[in-house]
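# Residue-level structure breakdown
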Amino acid sequence: MSSLPQTNPERERLGRTVGAIYFSGPLSTYETQRYAEMLAYLRGHYPDAEILEPKHLFHSHAQWKVEWPELLSRIDAVVFFHDNDPDCIGHGVWAEINDAASADKRVEFLSDDGQLISPERLKFDAATPQSMRQFVHVRTAGDETDAP
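Residues numbered from 1 in each chain as written. Predicted model: local features only at pLDDT ≥ 70, side-chain atom pairs only at ≥ 80, totals over all residues. Heavy atoms only, no water.

## Quick look at the pairing of strand β3 (residues 77–80)
The line we're drawing: Relative accessibility decides the category of a residue: with a 1.4 Å probe and only protein chains considered, values under 20% of the type maximum give buried, values over 50% give exposed, and everything between is partly exposed. Strands are runs of DSSP state E lasting at least two residues, helices are runs of H or I lasting at least four, and both sets are numbered from the N terminus onward. Being paired, for any two strands, means DSSP has found at least two bridges between them.
Going residue by residue along β3, you find Ala77 and Val79 tucked away on one face and Val78 and Phe80 tucked away on the opposite face as well. Of the pairings in the sheet, the one linking strand β1 (residues 20–24) to β3 comprises four bridges and is parallel in character. Its bridge partner being in β3, Ser24 is matched across the sheet by Phe80. Of the strand pairs in this sheet, β3 and strand β5 (residues 106–110) are connected by four bridges, and their pairing is parallel. Within β5, the residue paired with Val79 across the bridge is Glu108.

## Thoughts on the sheet that holds β5
Our working definition: Between two residues, a contact is recorded if the distance between any of their heavy atoms is within 4.5 Å. Helix axes are fitted only over the stretch in contact, all axes being lines through C-alpha atoms; the angle between N-to-C directions runs from 0 to 180 degrees.
With mixed pairing, the five strands of this open sheet are ordered in space as β2-β1-β3-β5-β6. Whereas interior strands pair on both sides, the edge strands pair on one side only; in this sheet they are β2 (50–52) and β6 (116–117). In this sheet, β2 lies alongside β1 in parallel orientation, the contact comprising three bridges. By the bridge assignment, Tyr22 is partnered in β2 with Leu52. Helix α2 (residues 33–45) rests against β1, β2, β3, β5 and β6 of the sheet, and its axis sits at about 155° to β1. Along the sheet face, helix α5 (residues 91–102) touches β1, β3 and β5 and points at about 150° away from the line of β3.

## Some points on the nonpolar core
Quick note on the threshold: Residues belong to a common nonpolar core when they are buried Ala, Val, Leu, Ile, Met, Phe, Trp, Tyr or Cys residues joined through side-chain atoms within 4.5 Å.
One finds Tyr22, Trp68, Ile75, Phe80 and Ile97 to be the most contacted residues of the largest nonpolar core, which totals 24 residues. Every element with two or more residues in this core is listed here: β1, α4 (61–74), β3, α5, β5 and β7 (122–125). It is α5 that provides the largest number of residues to this core, a total of six residues. Each residue touching Tyr22, except ones within four places of it in the same chain, is listed here: Leu52, Pro54, Leu57, Phe58, Trp64, Trp68, Leu71, Ile75, Ala77, Val78, Val79 and Glu96.

## Topic: α5
Put simply, the test is: A helix's residues, less one, multiplied by 1.5 Å, set its expected span.
With 12 residues, α5 should cover 16 Å at 1.5 Å per step; its first-to-last C-alpha distance of 16 Å lies within 8% of that length. Regarding α5, the residues found buried are Val93, Trp94, Ala95, Glu96, Ile97, Asn98, Ala100 and Ala101. One or two steps after α5, the chain reaches Asp104, where phi turns positive at roughly 65°.

In structure tokens form, the structure reads like this:
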């Protein structure tokens with residue numbers, strides 16, 4: 001199992017007061033109903049936040065590589081979700097949430113039912129990536145089902 005770098009506990013005390021949130025999710029979901037539903041959940045949790053969507057910010061991986069470090073310095077948090085078949089995040093989402101945690105930004109997982117879950121309550125299985133798209137399996141700590 002892998003884990004994210006630990007974030008500053010003081011950052012966690014900020015509650016729901018956040019200015020800018022980066023909404024990180026699989027490229028394959030960008031034009032789907034799932035993406036729209038997850039975005040609606042996020043807006044419900046943070047109605048006053050500026051939500052930054054990569055599908056509107058980056059047109060290529062090369063552009064993301066150049067612009068991501070500067071964007072990371074301007075955001076307060078990263079909220080991510082996984083592809084629900086088979087509960088994976090890709091290499092890009094994995095990089096974004098690790099970069100955010102390393103930069104002492106708040107990181108939260110948005111579950112299928114719209115709940116925000118801290119990374120401490122998640123299990124990340126990066127031991128056997130299936131592909132760049134199915135790079136890390138994400139499960140809640142109470143989910144004892146085996147990752148594929």
